[in-house]
Amino acid sequence: MKRYFRVLTFFTLISLGLMGMFSCEKYLDKSADSTIKEDDAYKNFTNFQGFTEELYHCIPDFSNGYWTNSWNWGEDEIMSSSHDFHMVNKIDLGNFWGWQSEFDGWQAGWMDRSSNSTDNDRFHKSLWPLSWYGINKANLGLANLDKLTDATTEERNLIKGQLLFFRGWFHFQLIQYFGGLPYIDTLLPSDQKLTLPRLSYSECADKAAADFRAAADLLPINWDNTTIGKNTLGKNTLRINKIMALAYLGKNYLWAGSPLMNKVSTGSTDYNKEYCRKAADAFAELLSLCESGKAPYSLLPFDKYSDNFYTTGQNWLIPGGTEAIFRSPYYNGNSSNWGTSKQYTPLVISEGDICFAPTANYVDYYGMANGLPIPDITKPDALSGYDPEHPWKGRDPRFYNDIVFDGVKFIQGSTTDEANRYANLYGDGNISDRGSYRDPSTGSRTGYLLRKFIPITCNKYDDGYGYSHSLNIHIPYMRLAGVYLMYAEAVAEGYGSPTASVSSYGKTAVDAVNKIRERAGVGFVAPQFTGSLAAFMPELRRERAVELSFEGHRFNDLRRWLLLIKRPYTLKKAVYFDRAGTFNTTDPSLNMVKNLNEKIILERNFSEKHYWFPLKTSDVTLYAAFNQNPGW
């Protein structure tokens, strides 16, 4: 037999079909029982789970989908100006058409590629086509659930729960970028004209919520504790469970309640309190399970923080530890070593050819160790203790974990390039864009570099990205720290106070933020931010910017908060300064600088239309009810 794909709809909704082999019969004898019947895919758990497993291979690995990878499209990151094929550059130019394969000649993006498959090739994964394929496959499985006759109740629930989760997840991933779409919750006939209208965002969110809630009620907290899961002990980590379903139930509700989505649904630019309360309830249920020890998820200790994002020397162990809730499979190809790892180090010490750097204005969100923000990076602040002559001193511990600043020791071992052992990121340093290497691709355009996702040894002298080190970079879609922060946002906005809580859980919005800060060794939210919602929300958003930095959340956060097109969020800046005093190689945070200032290196010219991605012209011209997003 062979598999073939059958296109059913304008958005490449694909259906699996079966064809009998006919050409081989004249050459080969065929036994009577060698023909696989269509219903055999559903007759028992093993077969049906094999059918369902393909859905996992529809999830793009956004952090390793190409040789180098772009997934941070807010004001958080900028890349080498000499390479313009990555999505972040297209976003900077306002070219939101760039997500489509028709406008991506290099096929570097992870949202739409011309070649897509559910095989094990990371280059064959993209969100738009495989989401529609996955939705249809989930519906195909649900439509045939009655054929699962040789199964226990537990086995039937596992199958149905996974199918419902994936149907909700793929729809949610699409609507957060494109707005309301047809919500496909039944098999579509291939011989009838499609007339399905686009639903409102809230209508789609309600349907996704129903799928996530039903999935959460059917799925176990931990597959290892099920009868069938004991057959695959140690291999159940990525399997969809109750915690994943609750996490996306909450996220789906919080997004629906956010200002952008509420605006298109009701006309109001405030949060929708009802949706926020529903989100808070889902997150509270999840966090209660985790904190009680019933679920195998907990925050990693800060000395293991990097395990969220990469492992090294552990035989390619997939990162995430106890904190990652939802991840894609790690597809084949040595992408971490030869691609992703090299995009964060300057060419002068790297074997890569591109550099993604954090913007100076985004790094400013990293406040002080006492938990207080820095109002203006160029001015002293008596309240927080910040000193612009010692800008790296006394900062949030996550600053030192995530960011390479001037004087950080780049090269740990022997080198033929002693001049670059320590990061030369000051104004005239040789990896600053004002320095001797004028091509921005060789260094940093911003005065900072990122180390959150790589060991500091990722350079051509220490060879931290060498194959023998088995470096595995894999950024999760969702981790537990993000759930705490989403709970804080949902409960504060849902109940109108930073000291509000879901009674069944007990933690307030402030408590949830402090839970994250406590792990990092950062001071708790100061009293001046806890007295009102207006005072609390900017601090919560700053906390979210720091804790979830560069993990692919910022762009959608700015969109849903209706901030994407507003200054200062349209700006990307670089920091400049001169070294002063004795250069400290032991503790670069103690180094003194003079003349510290920031300059705009790019301003994005966005308008209202940029809150949503444009749909494909080939899709929206098929029938009137499937209309284009405004302005495109």
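Predicted model only: the values in this text are computed from it and were never measured.

1. Notes on the overall build of the protein
Across its full length, the protein carries 16 helices and twelve strands. The C-alpha radius of gyration of the protein comes to 25 Å, within 12% of the 26 Å expected for a compact globule of 632 residues. Viewed in the frame of its principal axes, the protein has a C-alpha envelope of about 85 × 60 × 50 Å. The proportion of buried residues among the 632 residues of the protein is 61%. The long-range share in the protein, meaning contacts at least 24 apart out of those at least 6 apart in sequence, stands at 69%. Put simply, the protein shows about 23500 Å² of open surface, and 52% of that area lies on carbon and sulfur atoms. On the protein, the mean spot of the 66 positive side-chain charges and the mean spot of the 70 negative ones are 2 Å from each other.

2. Brief notes about the environment of Ala215
Inspection of the secondary structure assignment puts Ala215 in helix α5 (residues 201-218). Separated by 58 residues in sequence, Ala215 and Asn157 have C-alpha atoms that sit 8.6 Å apart. Those residues in contact with Ala215 that lie beyond four places of it in its chain are Gly161, Leu164, Phe165 and Ala245.

3. A closer look at the packing of α5 against helix α6 (residues 242-257)
Packing of α5 against α6 leaves a shortest axis separation of 8 Å and a crossing angle of 165 degrees. By the criterion of interaxial angle, the relationship of α5 to α6 is roughly antiparallel. For the pair α5 and α6, the crossing hand works out as left-handed. For the pair formed by α5 and α6, the contact residues are Tyr201, Ala205, Ala208, Ala209, Phe212, Arg213, Ala215, Ala216 and Asp217 on the first element and Lys242, Ala245, Leu246, Tyr248, Leu249, Asn252, Tyr253, Trp255 and Ala256 on the second. Residue composition of the contact of α5 with α6, by class: 14 nonpolar, one polar and three charged.

4. Thoughts on the pairing of strand β11 (residues 571-580)
Burial analysis of β11 places seven of its ten residues in the buried class, which makes it a mostly covered element. For β11 and strand β12 (residues 592-603), the ladder comprises nine bridges, and the chain directions are antiparallel. Each bridged residue has a counterpart across the sheet, and for Tyr576 the counterpart in β12 is Asn597.

5. Considering the environment of Leu142
Structurally, the position occupied by Leu142 is in helix α3 (residues 127-143). For the pair Leu142 and Phe524, spaced 382 residues apart in sequence, the C-alpha to C-alpha distance is 47 Å. For Leu142, the residues in contact, after removing those within four places along its chain, are Lys160, Leu163, Leu164 and Arg167.

6. Let's talk about helix α12 (residues 480-495)
Under the 1.5 Å per step criterion, the end-to-end length of α12 is 22 Å for 16 residues, consistent within 8% with the ideal 22 Å. For α12, the tally of buried residues reaches 15 of 16 residues, placing the bulk of the element in the interior. Once α12 ends, the next one or two residues include Gly496, with phi positive near 75 degrees.

7. Comments concerning the packing of aromatic side chains
Evaluation of the coordinates by the stated rule reveals 61 aromatic pairs. A centroid spacing of 6.1 Å and a plane angle of 70 degrees characterise the contact between Phe178 and Phe613, whose relative ring orientation is edge-to-face. Residue Phe178 is found in helix α4 (residues 153-178), and its partner Phe613 is found in the loop between β12 and α16 (617-620); the two are separated by 435 residues along the sequence. Of the two residues examined, Phe178 and Phe613, each falls in the buried class. When the ring centre of Trp223 is taken as reference, the NZ or CZ atom of Arg239 above it lies at 5.4 Å. Across the ring face of Trp632, the terminal group of Lys609 is positioned such that the distance to the ring centre comes to 4.2 Å.

8. Quick word on the state of the cysteines
Throughout the structure, instances matching the rule amount to zero disulfides. In this model Cys204 remains outside any disulfide bridge; the closest cysteine sulfur is found in Cys276, 18 Å from its own. The class of Cys204 is buried, set by a relative accessible area of 0%. Here Cys458 stays unpaired: no disulfide links it, and the sulfur of Cys355, its closest cysteine neighbor, is 13 Å away.

9. Points about the nonpolar core
Within the largest apolar cluster, 182 residues are counted, with the highest numbers of intra-cluster contacts made by Phe165 and Phe613. Considering every element that reaches this core, the biggest residue donor is α4, with 13 residues. Apart from the residues lying within four places of it in its own chain, the contact partners of Phe165 are Phe212, Ala215, Ile240, Met244, Ala245, Tyr248 and Phe326.

10. Section: the side chain of Ser335
Along the polypeptide, Ser335 turns up in helix α9 (residues 335-338). Note on Ser335: relative accessible area 2%, which makes it buried. There is a polar contact of 3.3 Å between the side chain of Ser335 and the side chain of Asn64. Among the polar contacts made by the side chain of Ser335, one reaches the side chain of Tyr330 at a distance of 3.5 Å.

11. Examining unusual backbone geometry
The step from Arg567 to Pro568 runs through a cis peptide bond, and the omega angle for that step is 5 degrees. One non-glycine residue, Trp316, lies in positive phi territory at about 65 degrees. Topologically, Trp316 is positioned in the loop between β4 (310-311) and β5 (324-326). Backbone geometry at Asp463 places phi at a positive 55 degrees, although glycine is not the residue there. Here Asp463 is to be found in the loop between β8 (449-450) and β9 (472-473). Looking at Asp463, the relative accessible area reads 32%, which means it is partly exposed.

12. What about the side chain of Glu551?
Residue placement: Glu551 occurs in the loop between α14 (533-547) and α15 (554-560). Glu551 gets classed as buried once you look at its relative accessible area, which sits at 3%. At 2.8 Å, the side chain of Glu551 and the side chain of Lys452 are in polar contact. A distance of 2.7 Å separates a polar atom in the side chain of Glu551 from a polar atom in the side chain of Arg479.

13. Digging into the packing of α4 against α6
Between α4 and α6, the shortest axis-to-axis distance is 11 Å and the interhelical angle comes to 30 degrees. Viewed along their axes, α4 and α6 adopt a mutual orientation that is roughly parallel. Judged by the sense of rotation from one axis to the other, the crossing of α4 with α6 is left-handed. Every residue of α6 that contacts α4 at Phe165, Trp169, Phe172, Gln173 and Gln176 is listed here: Met244, Ala245, Tyr248, Lys251, Asn252 and Trp255. Looking at the contact of α4 with α6, its residues break down into seven nonpolar, three polar and one charged.

Reading the values: rules and limits
Residues numbered from 1 in each chain as written. Predicted model: local features only at pLDDT ≥ 70, side-chain atom pairs only at ≥ 80, totals over all residues. Heavy atoms only, no water. Helix = DSSP H or I, 4+ residues; strand = E, 2+ residues; numbered from the N terminus. Rg over C-alpha atoms; globule rule 2.2 N^0.38 Å. Buried < 20%, exposed > 50% of the residue type's maximum accessible area, 1.4 Å probe, protein only. Contact = heavy atoms within 4.5 Å. Areas by Shrake-Rupley, 256 points an atom, 1.4 Å probe, with all protein chains shown as cover. Lys, Arg positive; Asp, Glu negative; His and termini not counted. Charge placed at Lys NZ, Arg CZ, Asp CG, Glu CD. Axes fitted to C-alpha atoms, helices over the stretch in contact; angles between N-to-C directions. Parallel < 35°, antiparallel > 145°, perpendicular 65-115°, else oblique. Left-handed = near helix turned anticlockwise from the far one by under 90°. Nonpolar A, V, L, I, M, F, W, Y, C, P; charged D, E, K, R; others polar. Pairing = 2+ DSSP bridges. Expected span 1.5 Å × (residues − 1). Phe/Tyr/Trp six-rings, centres within 6.5 Å; stacked < 30°, edge-to-face > 60°. Lys NZ or Arg CZ within 6 Å of the ring centre and 35° of its normal. Disulfide = S-S within 2.5 Å. Core = buried A, V, L, I, M, F, W, Y, C linked by side-chain atoms within 4.5 Å. Polar contact = N/O pair within 3.5 Å; in protein donor to acceptor, adjacent residues only side chain to side chain.

No statement about biological role is implied by the geometric values presented.
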